[in-house]
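Structural description and commentary
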Amino acid sequence: MKLLKDFGMFWYEFVIGDDWKIAVAVVLALAATFGLMETGAFSDHVVVILGTVLIVAFFSISLIIDVREHD
Amino acid sequence: MSAATWGVLIATFVACFVEAVEATTIVMAMGFTRSWRSAMTGVGVALVALAIVTAAFGYALTTWLPESALQLVIGGLLLIFGLQWLRKAILRSSGRKAIHDEDKIYREQAAAAKLAGTTSGTFDMFSFMVSLKGTFLEGMEVVFIVITFGLNAHNVPIAVLGASTAVVVVLIIAVIARKPLAMIPENLMKYGVGLLLASFGTFWALEGLGIFRAGRKSLEWAGADLSILWLLVAWFILTRVFIMALRRPERSVGDSPARPVEELAE
């Protein structure tokens, strides 16, 4: 059991890392971009640009929350 | 070589370089304070384990995942890694997190090695285990970067070349210097790797969203691979803005003690 727990912890720390908010930000940004893609209102070229903006925005929010929590 | 190929070569070289420097510090601390033979055996076992992991992951990813799924999964993970590195770079550059210091890490490792006590036999289990763990953990990130960059760029040999060249260069410097490699501008290099991982990760993750539409065709960027350069510029500008906005003023003598920079989550 301990081996399984250690194995899980290793992968959590490896993938999620020091700040879980960044992983959440990436997932939310990609999910929102998927939503935009599914509307069919935008071409590929526009969807990827909007996706980039969303990733930047969500990362910025996670960083601001991180800094405020520790100020 | 195309811009993307150069990007893969540079990213794998620099990423592997900084991880190799960190692993070298740990192994040197064990070697100089306890046993070189046991420490190097630990490194050897870790390298074999990393080779097995590389082969298993590489085979599994190429065999079971369609291209757009590969781009989404790998791009998403690279993006998370890259943004974690950028977060640390921003916090370090703005004075909110301690600068990574190989000399300090070496002193801590060496002190722990001295406290660990002696072993009865010729083989020193402590330096073996610490060297094995240090090399394996630092190497895992490199393995992931090499596999993901190599597969997504359809050029695994270039990724392997970048990583292995970095290891050789670090080993040469370590043998010549015979001390922790604190002279390497590690923090700056980590910032650079963060920019590359975030840029390639953004590019591939968004391309990979095409897995969810009919035909599973990857999304297309205007300008194809050249878009990575614009992404690089965008991430660079964003991080510079954050570094300027979050910078803490230097404290003068007599000010109340500052909160330790390590307080921000590692």
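As the structure is a computational prediction, the values presented were derived from the model and not from experiment.

1. Details of the overall build of chain A
- A count of helical and extended segments in chain A gives 3 helices and 0 strands.
- Relative to a compact globule of 71 residues, whose C-alpha radius of gyration would be 11 Å, chain A shows 16 Å and is clearly more extended.
- Across its three principal axes, chain A shows a C-alpha extent of roughly 50 × 35 × 15 Å.
- Within chain A, buried positions represent 31% of all 71 residues.

2. Focus: the overall build of chain B
- Within chain B one finds 8 helices and 0 strands.
- Written out in order from the N terminus, the α and β elements of chain B read α-α-α-α-α-α-α-α.
- Its C-alpha atoms give chain B a radius of gyration of 21 Å, within 12% of the compact-globule value 18 Å for 266 residues.
- When its C-alpha atoms are laid out on the principal axes, chain B stretches across 65 × 50 × 30 Å.
- Buried positions account for 46% of the 266 residues belonging to chain B.
- For chain B, restricting intrachain contacts to residue pairs at least 6 apart in sequence, the fraction spanning at least 24 positions comes to 88%.

3. Brief notes about the nonpolar core
- With 90 residues, the main nonpolar core has A:V26, B:A11, B:L197 and B:F200 as its most contacted residues.
- If sequence neighbours within four positions are ignored, A:V26 has contacts with A:I55, B:G76, B:L79, B:I80 and B:L83.

4. As for the packing of helix 3 (residues 44-70) of chain A against helix 8 (residues 227-246) of chain B
- It is the contact of helix 3 of chain A with helix 8 of chain B, at a shortest axis distance of 12 Å, that shows an interaxial angle of 20°. It follows that helix 3 of chain A is roughly parallel to helix 8 of chain B by the angle criterion. By crossing handedness, the relation of helix 3 of chain A to helix 8 of chain B is classed as right-handed. Taking contact as the criterion, the partners of A:T52, A:V56, A:L63 and A:V67 in helix 3 of chain A are, on helix 8 of chain B, B:L231, B:A234, B:L238, B:F242 and B:L246.
- Of the residues that constitute the contact of helix 3 of chain A with helix 8 of chain B, the class distribution is 8 nonpolar, 1 polar and no charged.

5. Things to note about the confidence of the model for chain A
- Summing up the model confidence of chain A, the mean pLDDT is 89 and the portion of residues at 70 or higher is 100%.
- Averaged pLDDT values over the elements of chain A bottom out at 79 in helix 1 (residues 2-15) of chain A and peak at 94 in helix 2 (residues 20-39) of chain A.

6. Considering the interface of chain A and chain B
- Tallying the contact residues gives 24 residues for chain A and 29 residues for chain B.
- Only helix 1, helix 2 and helix 3 of chain A provide two or more residues apiece to the side of chain A that touches chain B.

7. Quick word on helix 3 (residues 67-93) of chain B
All names here are of chain B.
- Here helix 3 contains 27 residues, and its C-alpha end-to-end distance of 37 Å stays within 8% of the 39 Å for a straight helix at 1.5 Å per residue.
- When you tally the buried positions in helix 3, you get 23 out of 27 residues, the bulk of the element.
- One or two steps after helix 3, the chain reaches G95, where phi turns positive at roughly 80°.

8. Overview of helix 7 (residues 186-208) of chain B
- Its 23 residues place the ends of helix 7 of chain B 32 Å apart at the C-alpha level, agreeing with the 33 Å of an ideal helix rising 1.5 Å per residue.
- The element helix 7 of chain B is extensively covered by neighbouring structure, given that 19 of its 23 residues are classed as buried.

9. Structural notes on the environment of B:L70
Residues and elements named next belong to chain B.
- Within the secondary structure, L70 sits in helix 3.
- Sequence-wise, L70 and V169 are 99 residues apart; in three dimensions their C-alpha atoms are separated by 31 Å.
- Not counting residues up to four positions away in its chain, the partners in contact with L70 are L61, L65, L151 and N152.

10. A short note on the packing of helix 2 of chain A against helix 3 of chain B
- As a packed pair, helix 2 of chain A and helix 3 of chain B sit with axes 9 Å apart at the nearest point and diverge in direction by 135°. Considering the angle they form, helix 2 of chain A stands oblique to helix 3 of chain B. The handedness of the crossing between helix 2 of chain A and helix 3 of chain B comes out as right-handed. Note on element contacts: helix 3 of chain B touches helix 2 of chain A through B:G76, B:L79, B:I80, B:L83, B:Q84 and B:R87, opposite A:I22, A:A23, A:V26 and A:L30.
- Looking at the contact of helix 2 of chain A with helix 3 of chain B, its residues break down into 7 nonpolar, 2 polar and 1 charged.

11. Re the environment of B:I52
- Structurally, B:I52 can be placed in helix 2 (residues 36-64).
- Spatially, the C-alpha atoms of B:I52 and B:T63 are 16 Å apart, while their sequence positions differ by 11 residues.

12. Some points on the confidence of the model for chain B
Residues and elements named next belong to chain B.
- Across chain B, the average pLDDT comes to 82, with 91% of residues at 70 or higher.
- Confidence, expressed as mean pLDDT per element, reaches its minimum in chain B at helix 4 (residues 102-115) with 76 and its maximum at helix 8 with 93.
- With a pTM of 0.80, the predicted complex shows an ipTM of 0.91.

13. Points about unusual backbone geometry
- If you check the backbone angles, B:A224 has positive phi at about 45° while not being a glycine.
- Structurally, B:A224 can be placed in the loop between helix 7 and helix 8.

Cut-off values and rules
- Residues numbered from 1 in each chain as written.
- Chains lettered and ligands numbered in written order.
- Predicted model: local features only at pLDDT ≥ 70, side-chain atom pairs only at ≥ 80, totals over all residues.
- Helix = DSSP H or I, 4+ residues; strand = E, 2+ residues; numbered from the N terminus.
- Rg over C-alpha atoms; globule rule 2.2 N^0.38 Å.
- Buried ≥ 20, exposed ≤ 12 C-beta atoms within 10 Å, placed from the backbone.
- Contact = placed C-beta atoms within 7 Å.
- Core = buried A, V, L, I, M, F, W, Y, C linked by C-beta atoms within 7 Å.
- Axes fitted to C-alpha atoms, helices over the stretch in contact; angles between N-to-C directions.
- Parallel < 35°, antiparallel > 145°, perpendicular 65-115°, else oblique.
- Left-handed = near helix turned anticlockwise from the far one by under 90°.
- Nonpolar A, V, L, I, M, F, W, Y, C, P; charged D, E, K, R; others polar.
- pLDDT = per-residue confidence, 0-100.
- Expected span 1.5 Å × (residues − 1).

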